[in-house]
Amino acid sequence: MTVDPGEFIVLLGRSGSGKTTLLHLIAGIETADEGRVVVAGRSLGTIGDRERTLFRRQHIGMIFQSLNLIPTLTVRENVELRLELNRSRDADGIARGRALLDHVGLGDRGDSYPDVLSGGERQRVAIAAALVHDPDLILADEPTGNLDATRGTEIVTLLDQLVRRDGKTLVMATHSLEMIGIADRVLTIEEGQIVEVPGDPSRPSDRERRS
Ligand SMILES: Nc1ncnc2c1ncn2[C@@H]1O[C@H](COP(=O)(O)OP(=O)(O)OP(=O)(O)O)[C@@H](O)[C@H]1O
Ligand SMILES: [Mg+2]
């Protein structure tokens, strides 16, 4: 598969088909036994672990299906940790973190610990944490899986804006067929193969409608 900069890709496939695995491969969290993963010109299989980790911290924002929050850190600390790992915990980064927490409706929960939050609230912290360092490539693994319809729509609108307004690239795994309408392209994993789902030729893509 090839993803162009500025594209919004939706990744479908039944449970266990390999969506999370594919996102982890693109993020360089797992390495491929066969084939190549090239991100922004870097072949992730040929660089060392440390370099791959640094590359990911800088360029990629991964919204994990398993959320990956640190239980002993508060909401705000979980978000700012991504800046610290990246050595970019400056005033801009901190302001971006606050704005993101406000945006996901958790502006007043910065001092809470993850274990007192609901599943959906935790998911929203994970989203803020994945975006705080302003990554070029956003990998979102069922980012609305724990959210009610209204919050889900807000999150998708936020992600969509990051693509349309800020030129970010987004690959989003989801089970929600409603996302098909807003994506530039839809891919599905079927029996280990990545297959492009053809668009409806009578329907102009969102991108064309917006431009
Ligand atoms: N660390 C692992 N080691 C071995 N097999 C794994 C590992 N992680 C996942 N798998 C297997 O790989 C397959 C794909 O898993 P994956 O998590 O990528 O699916 P998925 O499409 O994200 O599913 P879901 O929609 O349920 O999140 C599954 O059969 C799973 O059991
Ligand atoms: Mg998964």
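Residues numbered from 1 in each chain as written. Chains lettered and ligands numbered in written order. Predicted model: local features only at pLDDT ≥ 70, side-chain atom pairs only at ≥ 80, totals over all residues. Heavy atoms only, no water.

Chemist: Outline the pairing of strand 1 (residues 8-12), supporting the account with residue identities and numerical values.
Modeler: A regular strand carries its side chains on alternate faces of the sheet. The buried fraction of strand 1 amounts to five of the five residues, a majority that puts the element mostly inside the structure. Residues Phe8, Val10 and Leu12 of strand 1 are buried on one face, and the alternating residues Ile9 and Leu11, pointing to the opposite face, are buried as well. Across four bridges, strand 1 lies against strand 6 (residues 169-173) in parallel orientation. Paired with Phe8 across the strands is Leu170, a residue of strand 6. Bridging between strand 1 and strand 7 (residues 185-190) involves four bridges; their strand directions are parallel. The residue of strand 7 that forms the bridge with Leu12 is Thr188. (Buried < 20%, exposed > 50% of the residue type's maximum accessible area, 1.4 Å probe, protein only. Helix = DSSP H or I, 4+ residues; strand = E, 2+ residues; numbered from the N terminus. Pairing = 2+ DSSP bridges.)

Chemist: Pulling in residues and values, what's your account of the coordination of the magnesium ion (ligand 2)?
Modeler: Listed as protein donors to the magnesium ion (ligand 2) are Thr20 (OG1) and Gln65 (OE1); their distances from the metal cover 2.0 to 2.2 Å. Highlighted residues: Thr20 in helix 1 (residues 19-27) and Gln65 in the loop between strand 4 (60-63) and helix 3 (75-85), separated in sequence by 45 residues. (Donors = N, O, S within 2.8 Å, 3.2 Å for Na, K, Ca; no water.)

Chemist: Please provide a residue-by-residue account of helix 2 (residues 49-59), values included.
Modeler: Within helix 2, the full set of buried residues consists of Arg52, Phe55 and Arg56. All buried residues of helix 2 project into a common sector of 100 degrees when viewed along the axis, lining one side. The inward-facing, buried residues of helix 2 abut helix 1, strand 2 (38-39), strand 3 (42-43) and strand 4. (Arc of directions from axis to C-beta. Contact = heavy atoms within 4.5 Å.)

Chemist: Just give me the short version of the site of ligand 1, but keep the residues and values in it.
Modeler: Residues in contact with ligand 1, as listed here, are Arg14, Ser15, Gly16, Ser17, Gly18, Lys19, Thr20, Thr21, Gln65, Glu142 and His175. Contacts to ligand 1 include Ser15, whose side-chain N or O atom sits 2.6 Å from an oxygen atom. A per-class count over the shell around ligand 1 returns no nonpolar, eight polar and three charged. (Near = heavy atom within 4 Å. Polar contact = N/O pair within 3.5 Å; in protein donor to acceptor, adjacent residues only side chain to side chain. Nonpolar A, V, L, I, M, F, W, Y, C, P; charged D, E, K, R; others polar.)

Chemist: Report on the pattern of salt bridges, specifying residues and quantitative values.
Modeler: Evaluated as defined, the whole model comprises 14 salt bridges. One salt bridge in this structure joins Arg89 and Glu80, with 2.8 Å as the shortest N-O distance. Arg89 sits in the partly exposed class, given a relative accessible area of 40%. In this structure, Arg109 engages Glu121 in a salt bridge whose closest nitrogen and oxygen atoms are separated by 3.6 Å. Taken together, the residues span a long stretch of sequence, with Arg109 in the loop between helix 4 (91-103) and helix 5 (119-131) and Glu121 in helix 5 at a distance of twelve residues. On the basis of relative accessible area, Arg109 is assigned to the partly exposed category, the value being 23%. (Salt bridge = Lys/Arg side-chain N within 4 Å of Asp/Glu carboxyl O.)

Chemist: Would you mind going over the packing of helix 3 against helix 4 in detail, with residue names and values included?
Modeler: Two elements in contact, helix 3 and helix 4, have axes whose closest approach is 10 Å; the angle formed by their N-to-C orientations is 135 degrees. It follows that helix 3 is oblique to helix 4 by the angle criterion. At the point where helix 3 passes helix 4, the crossing takes the right-handed sense. Facing helix 3, whose interface residues are Val75, Arg76, Val79, Glu80 and Leu83, helix 4 presents Gly93, Ile94, Arg96, Gly97, Arg98 and Leu101. Looking at the contact of helix 3 with helix 4 residue by residue, the class counts come to five nonpolar, two polar and four charged. (Axes fitted to C-alpha atoms, helices over the stretch in contact; angles between N-to-C directions. Parallel < 35°, antiparallel > 145°, perpendicular 65-115°, else oblique. Left-handed = near helix turned anticlockwise from the far one by under 90°.)

Chemist: Which residues make up the side chain of Lys19, and what values go with them?
Modeler: Position of Lys19 among the secondary structure elements: in helix 1. For the buried Lys19, no salt bridge exists, and the shortest N-O distance to an oppositely charged side chain is 4.4 Å, to Glu142. A polar atom in the side chain of Lys19 sits 2.7 Å from the backbone oxygen of Gly13. Ignoring sequence-local partners within four residues, the contact set of Lys19 consists of Leu11, Leu12, Gly13, Arg14, Glu142, Ala173, His175 and Ile189. (Lys, Arg positive; Asp, Glu negative; His and termini not counted.)

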